[in-house]
Amino acid sequence: MSKFTHHIFVCGKCKPPKHLRDGKHDPGKLRAALKKEIKQLGLKADVRANDSGCLDQCDDGQVIVIYPQAIWYGGVTEADVDRIIHETILGGKILEDLVIPSERLRCGKKAKASDSASSESSPSS
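## Quick look at the sheet that holds strand β2 (residues 47-52)
In spatial order, the strands read β2-β1-β3-β4; together these four strands make up an open sheet with mixed pairing. Edge positions in the sheet fall to β2 and β4 (71-73), since each of these pairs with one other strand and no more. Shown here is a sheet whose adjacent strand axes are inclined to one another by a mean of 20°, direction ignored. Here strand β1 (residues 6-11) pairs with strand β3 (residues 64-67) via four bridges, running antiparallel. Bridge pairing links valine 10 to isoleucine 64 in β3.

Below, the structure is given as structure tokens:
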């Protein structure tokens with residue numbers, strides 16, 4: 001069995017902040033739309049769309065992350081699925097209007113901050 005060329009994780013746990021709760025935040029529908037497009041294009045052997053746990057980016061609306069490319073998209077709706085599959089997955093193009101800028105990504109920041117704090121407070125031998 002070969003590896004997936006793309007693995008799309010759809011945040012299924014986080015809720016958007018109140019100002020973004022417009023009734024369009026439905027990770028189940030977004031994942032279903034991704035899976036439908038993947039299947040229609042015959043990409044099931046190479047591309048997978050899964051629910052994820054919390055991706056810790058709730059301020060960015062509905063979030064997906066595409067691995068192994070580590071592409072983080074925020075504010076994603078079902079209307080974006082065609083572009084994501086055709087332009088990013090098949091075409092390799094990053095959709096700048098959906099990208100979460102790296103300085104806003106929260107992944108690893110808490111761990112790094114606590115690691116440096118614990119190393120500073122550890123007594124030297």
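## Thoughts on helix α2 (residues 81-90)
Think of an α-helix as 3.6 residues a turn; residues three or four steps apart then line up on the same face. Of the positions making up α2, those classed as buried are Val81, Ile84, Ile85, Thr88 and Ile89. Viewed end-on, α2 has its buried residues packed into an arc of 115°, placing them on one side of the element.

Parameters at a glance
- Residues numbered from 1 in each chain as written.
- Predicted model: local features only at pLDDT ≥ 70, side-chain atom pairs only at ≥ 80, totals over all residues.
- Heavy atoms only, no water.
- Pairing = 2+ DSSP bridges.
- Helix = DSSP H or I, 4+ residues; strand = E, 2+ residues; numbered from the N terminus.
- Axes fitted to C-alpha atoms, helices over the stretch in contact; angles between N-to-C directions.
- Buried < 20%, exposed > 50% of the residue type's maximum accessible area, 1.4 Å probe, protein only.
- Arc of directions from axis to C-beta.

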